[in-house]
Amino acid sequence: MLTKPLTIILWHWLLVAALAIALLSGLRIGADLPAASSAALSAWLPQGAALDWHHWSALLLTALVCGYLFQLIGAGGWRRLLWSRGTSRLQRFDRALYLLALALLLLQIVTGWAQYLRVNTDLQALAAWHRAAAWGLLLFAVAHLLMQWQLGGWRRLLGIFTPSRPSLALTVWIVVPLIVAGSALIWFDHQFTPLLVHHTETPPTMDGRIEDAAWRQATPVTIVTARGVNFPGGQSE
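Residues numbered from 1 in each chain as written. Predicted model: local features only at pLDDT ≥ 70, side-chain atom pairs only at ≥ 80, totals over all residues. Heavy atoms only, no water.

Participant: Even after reading the chapter, I still don't get the packing of aromatic side chains, so can you show me in this structure?
Facilitator: We describe a pair of aromatic rings using the distance from one ring centre to the other and the angle between the two ring planes. In total, this model carries 3 aromatic pairs according to the counting rule given. Here the aromatic rings of Trp-113 and Tyr-116 are separated by 5.6 Å at their centres, their planes lie at 85°, and the arrangement is edge-to-face. Separated by 3 residues within a single helix, Trp-113 and Tyr-116 lie in helix H4 (residues 89–117), roughly one turn from each other. Classification of Trp-113 by relative accessible area gives buried; the value is 16%. With centroids separated by 5.3 Å and ring planes inclined at 90°, the aromatic side chains of Trp-149 and Trp-154 adopt a geometry described as edge-to-face. We classify Trp-149 as partly exposed; its relative accessible area is 39%. You can call Trp-154 exposed: its relative accessible area is 58%. (Phe/Tyr/Trp six-rings, centres within 6.5 Å; stacked < 30°, edge-to-face > 60°. Helix = DSSP H or I, 4+ residues; strand = E, 2+ residues; numbered from the N terminus. Buried < 20%, exposed > 50% of the residue type's maximum accessible area, 1.4 Å probe, protein only.)

Participant: Please explain a nonpolar patch on the surface as it appears in this structure.
Facilitator: A contiguous nonpolar patch, built from Trp-13, Val-16, Trp-149, Trp-154, Leu-158 and Phe-161 and spanning about 630 Å² of accessible area, is present on the exposed surface. Residue assignment for the nonpolar patch shows that the elements contributing at least two residues are helix H1 (6–31) and helix H5 (123–157). The topology assignment puts Trp-154 in helix H5. (Patch = residues over 30% accessible without salt bridge, like charges linked within 9 Å, V, L, I, M, F, W, Y side chains within 5 Å. Areas by Shrake-Rupley, 256 points an atom, 1.4 Å probe, with all protein chains shown as cover. Salt bridge = Lys/Arg side-chain N within 4 Å of Asp/Glu carboxyl O.)

Participant: I would appreciate a short explanation of the packing of H1 against H5 in the present structure.
Facilitator: Helix packing for two helices is described by the angle between their axes and how far apart those axes are. H5 packs onto H1 with a crossing angle of 130° between their chain directions and a minimal axis gap of 11 Å. If you check the angle between H1 and H5, you find them oblique. Between H1 and H5 the crossing geometry is left-handed. Along the contact surface, H1 presents Leu-19, Leu-23 and Leu-27, while H5 presents Ala-134, Trp-135, Leu-137 and Leu-138. Its residues assigned to classes, the contact of H1 with H5 comprises 7 nonpolar, no polar and no charged. (Axes fitted to C-alpha atoms, helices over the stretch in contact; angles between N-to-C directions. Parallel < 35°, antiparallel > 145°, perpendicular 65-115°, else oblique. Left-handed = near helix turned anticlockwise from the far one by under 90°. Contact = heavy atoms within 4.5 Å. Nonpolar A, V, L, I, M, F, W, Y, C, P; charged D, E, K, R; others polar.)

Participant: Explanation requested: the nonpolar core in the structure shown.
Facilitator: Nonpolar side chains tend to gather and get buried jointly when the protein is soluble and globular. Counting residues in each nonpolar core, the largest one holds 24 residues, and the members touching the most others are Trp-11, Leu-19, Leu-61, Leu-64 and Leu-105. Looking at this core, the element that brings in the most residues is helix H2 (residues 50–74), giving 7 residues. Setting aside its immediate chain neighbours within four residues, Leu-105 contacts Leu-19, Leu-61, Val-65 and Leu-137. (Core = buried A, V, L, I, M, F, W, Y, C linked by side-chain atoms within 4.5 Å.)

Bear in mind that shape data such as this cannot, by itself, settle questions of function.
Here it is, written out as C-alpha cells:
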C-alpha cells in the first residue's frame, strides 16, 4: 500500500476540514441572498453562526495554503509539481488538476479577504469570483477522487490514511509558516474593535428618537454593511 509522510497527511486532512467548513458556511451565507445559486440547497445546509464558522475556517485555510506555498518554494516541491519527467499523460493531467486547485484556493483567499477588508468597492464582482471559485473547488474534489482511483484504485486512495515517517525538512517548511501565518492572522483579526452591548438601568423607548438618556450616553459606533437589499446600491455606512 502507498504511504504518505505524516506531515502531509495531517496537512491534507486539516485542509479538507477547513475547506469543507468554509464551503458549507459560505453556501449557507449565499443561500440567503436574492437569486442565490445555492438557494436550492438551503434546507440541507448547516444552520447557526455561519459567518463565524466561515471566518475561522478562512483563517485556517489561509494559514494552511501559506504553509504549502512555503513548502513548494523552500523544499523544492514546485520542481516535482511542474517538471517531473517520465510520467504518463494521466499523471500530467493529475498535476494540472493540482495546479488548478491551488489557483482556485488562492482566488478564494484573495477575494474573501478583499470582501472582508473592503479593498474594492465592487463587492458584487468580488462575490461573483469568490462564488465561482467555491463551485470550482467542489468540482475539483470530485475530479480529484476519480483521478486518484484511476491512478491506483483503492491502494492509492487509502495511502492518504497510511502515514510513513515524517520528513523533518518537510515538517519545518510546512508547520513553521503555518504557525507564523496563523498567529499573524489571529493578531490582525483582533485589531478590529468588537461591538459591545452595554447594560442600562433605564431602557430607551423604541420609537426611533434618540433623546432618551440611554441613547445620549451610548458611545457612537459606525457599522459598514454590504449587499443590503434595502439600501441604494446595496450598501450603506
